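Results of the structural survey
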Amino acid sequence: VFSSSAMVYGQADARTIPETAATKFNIPDGGTRLACGRPIVDEAASDSELQAVTVRYCNRVDARPLGHIDEPRTRIPNNLAPYAVKIATRERGYLQVFGNDYPTHCGAVVRDCIHVNTLDLPRREVRIRIVNRGTGRACSVPEVGNASGRSIPLLHLVPRQNDLTACCADPAFSSDLLGWSALLLPQRMCDDTWHWHVRPSYESAA
């Protein structure tokens, strides 16, 4: 199972992107994921006993339900939800929003966010597949901050070079093939991340 990214589709015209959409190397993260994923698929294609599944998704939210596990609290987060929590707890100052005049419903770039608890693959026989995972509903950085239900100050900055306006993978094929759909939406993602960051650490409990 290869953890890929919906960034492999590059800038797309459609609101949601199916697995049949063209892939592009012009986005650094997308190009890296494409280059790493192809040898896995090629190897599985040459050996009938191997199975290979490439999972493409956008922003993941790492906390398991009720905050049982997440990335280390002491590290500066690379992902949106734990970063927003550190701002809500006053560990960091503000949430950066790059650009406010994109052609989206809110003016900011939008991404589909998926709860890591939904990334497990159902145990079903699959030879070689590329599947999207996501909710099919993109949201912006400010919207994820608002989903936390806490005060998240924003800092609006100039747009980043080559940033995608929207990235939202269509999960319809995954739903039909695997009988799977995402049920945990941004509010639950933020709640689980909050529980992880505010609960006593294992070190202090010991």
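Note that the coordinates shown come from a computational prediction; the quantities given were computed from them, not determined experimentally. Numbering of residues begins from 1 in every chain and follows the order in which that chain's sequence is written. In keeping with the predicted nature of the model, local features appear solely for residues at pLDDT of at least 70, side-chain atom pairs appear and are counted solely at 80 or more, and the whole-chain, interface and lining totals rest on all residues. Excluded from the side-chain calculations are hydrogens and water; all other atoms, namely the structure's heavy atoms, are used.

A short note on the overall build of the chain
Check the secondary structure of the chain and you find six helices and nine strands. Only protein chains enter the area calculation, which uses a 1.4 Å probe; residues under 20% of their type maximum are buried, those over 50% are exposed, and those in between are partly exposed. The proportion of buried residues among the 206 residues of the chain is 46%. Should any heavy atoms of two residues lie within 4.5 Å, those residues are counted as being in contact. For the chain, restricting intrachain contacts to residue pairs at least 6 apart in sequence, the fraction spanning at least 24 positions comes to 77%. For the chain, the accessible surface area stands at approximately 11100 Å², while carbon and sulfur atoms represent 52% of it. Only DSSP runs of H or I reaching four residues or more are called helices, and only runs of E reaching two or more are called strands; each is numbered from the N terminus. To be clear on the numbers: accessible area is Shrake-Rupley with a 1.4 Å probe, and residue cover counts the displayed protein chains and nothing else.

Considerations on the pattern of salt bridges
Side chains carrying opposite charge are able to pair once their charged atoms draw close together. Within this document, salt bridges are pairs made up of a side-chain nitrogen of Lys or Arg and a carboxyl oxygen of Asp or Glu, the two lying within 4 Å of each other. Throughout the structure, instances matching the rule amount to two salt bridges. A salt bridge links D163 to R160; the nearest nitrogen and oxygen atoms lie 3.2 Å apart. Its relative accessible area of 15% is what places D163 among the buried residues. A relative accessible area of 43% places R160 in the partly exposed class.

Here we look at the confidence of the model for the chain
The predicted model of the chain averages 77 in pLDDT, with 76% of residues at 70 or higher. Within the chain, the element-level pLDDT minimum falls on helix α6 (residues 202-205), averaging 38, and the maximum on strand β8 (residues 154-157), averaging 90. Confidence of the predictor at the level of single residues is captured by pLDDT, which takes values from 0 to 100. Throughout residues 201-206 the model reports pLDDT below 50, and contacts reaching past four residues in sequence, or to other chains, amount to three contacts.

Examining helix α2 (residues 80-88)
Among the nine residues in α2, nine count as buried, and that is most of the element. Within α2 the residues assigned to the buried category are L80, A81, P82, Y83, A84, V85, K86, I87 and A88. Looking one or two places after α2, you find R90, whose phi comes out positive at around 65 degrees.

Brief notes about the nonpolar core
Generally speaking, nonpolar side chains in soluble globular proteins are found buried as a group. Think of a nonpolar core as a cluster: buried Ala, Val, Leu, Ile, Met, Phe, Trp, Tyr and Cys residues, connected wherever their side-chain atoms sit within 4.5 Å. In this structure, I87, L95, C113, V144 and I152 are the most contacted members of the largest nonpolar core, which totals 14 residues. At the level of elements, α2 and α5 (186-198) are the ones that each hand at least two residues to this core. Counting residues per element, this core draws most heavily on α2, at six residues. Not counting the four nearest positions on each side in its chain, V144 is found in contact with L80, C113, C139 and C190.

Observations concerning unusual backbone geometry
With phi around 65 degrees, N162 is a residue other than glycine that occupies positive phi space. Looking at where N162 falls in the secondary structure, it is placed in the loop between β8 and β9 (166-167). For N162, a relative accessible area of 56% puts it in the exposed group.

Points about the sheet that holds strand β2 (residues 52-56)
When DSSP finds two or more bridges between two strands, those strands count as paired. Sheet architecture is open: three strands sit in the order β1-β2-β6, paired in parallel fashion. Single-partner strands in this sheet number two, and they are β1 (2-3) and β6 (128-132). Pairing between β1 and β2: two bridges, direction parallel. Across the sheet, residue F2 finds its bridge partner in β2, namely T54.

Here's the deal with helix α1 (residues 28-46)
Every helix has an expected span of 1.5 Å times one less than the residues it contains. Compared with the 27 Å implied by 1.5 Å per residue over 19 residues, the 28 Å span of α1 between its first and last C-alpha is a close match. Residues of α1 that are buried: G30, G31, L34, G37 and A44. For α1, the elements touching its buried residues are β1, β2 and β6.

Re the environment of L177
Topologically, L177 is positioned in helix α4 (residues 172-178). For the pair L177 and R129, spaced 48 residues apart in sequence, the C-alpha separation works out to 9.8 Å.

What about the state of the cysteines?
When two cysteine sulfur atoms lie within 2.5 Å, the pair is treated as a disulfide. Tallied over the entire structure, the rule returns zero disulfides. Looking at the unpaired C168, the closest cysteine sulfur is the one in C58, lying at 6.2 Å. Take C168: its relative accessible area is 2%, and that puts it in the buried class.

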